[in-house]
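# Secondary and tertiary structure notes
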Amino acid sequence: SAEELILSNNAGICSKPDIAVDVDGGAHITYTDSRGQLGGYSEKDDIMYTNSSSSFVKTVVYNGYYESYGGADYYGSYYLKGSYITVDANNNYYILTHNEAYSKSMQYIDRSYAVVVYSNIGTGNTPVITSSRSVDKTGIYDMITRGGKPYALYRHNDVQSSELSVSGNVINFVNTITSSVSSVYSHDVLSGDIVVGSKSGSNLQTTYNGVSVTNSSIVVVGNAVSIVNDGINFYAFYTDNADSNIKKMLILPLVAV
């Protein structure tokens, strides 16, 4: 098809795009627009959604702003880490992003952080983590659909991979597996098993159902450790520092002896 440019709503800057394709071949896109919606005391990044079935009509799904309430009272809602999108077997889309809520007065400054998800059929979030010292223990990394179900890879204190389950119009993070790793890049799911790809220092690291293994003989170029499955096994794809070639490695679960 012909190229189509998706521009800022109000002469801002668009960045951090992610795309998913539904079972009918339709494209679903999320991205950040620095001026997607106007009206705040100070405009902040907005999280956007559009899809090809609506001729790329743009929708603000999360509005970022910094607002003055008079005097020394301010409130902010920030979405500064971009967004990820996936589509389930019924063509429902899910957008994963990160929110910081900021509140300031003469007496205090409070910050709270959460991973949030928006869909055409509901919304949800992880429990809010509050900090008065700007310590953010949340983050977002990946969204996929496997077996018709959406899965999110994110940080809530620790790295977690969760299925997204809808009850009414509430999206819950369920069947969660926690990985005690310092960095993370991608994940994949097969028959209930979850594998996460990451690095430990410069070395390749994989986590199979919460059990991490670091391969000290493999130094990875960049941060990309991509996990995929072929319906039978999991594999990690990475760029090997030894020869700069892209390689794959079979990932097997640890067997108790």
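This text follows the structure it describes.
Criteria and cut-off values
Residues numbered from 1 in each chain as written. Predicted model: local features only at pLDDT ≥ 70, side-chain atom pairs only at ≥ 80, totals over all residues. Heavy atoms only, no water. Phe/Tyr/Trp six-rings, centres within 6.5 Å; stacked < 30°, edge-to-face > 60°. Buried < 20%, exposed > 50% of the residue type's maximum accessible area, 1.4 Å probe, protein only. Helix = DSSP H or I, 4+ residues; strand = E, 2+ residues; numbered from the N terminus. Lys NZ or Arg CZ within 6 Å of the ring centre and 35° of its normal.

## Structural notes on the packing of aromatic side chains
Per the counting criterion, the structure on display carries twelve aromatic pairs. On the numbers, 5.2 Å between centres and 5 degrees between planes, the contact of tyrosine 66 with tyrosine 74 is stacked. The residues tyrosine 66 and tyrosine 74 share a single accessibility class, namely buried. On the basis of an interplanar angle of 55 degrees and a centroid distance of 6.1 Å, the ring pair of tyrosine 66 and tyrosine 102 is categorised as tilted. Note that tyrosine 66 is positioned in strand S6 (residues 65-68) and tyrosine 102 in strand S9 (residues 93-104), a separation of 36 residues in sequence. Taken as a pair, tyrosine 66 and tyrosine 102 share a single burial class, namely buried. Linked through ring pairs, Tyr41, Tyr66, Tyr74, Tyr78 and Tyr102 together constitute an aromatic cluster. The aromatic ring of tyrosine 235 is capped on one face by lysine 248, whose charged end is 4.6 Å from the ring centroid.

The values reported here are purely geometric and, on their own, carry no functional implication.
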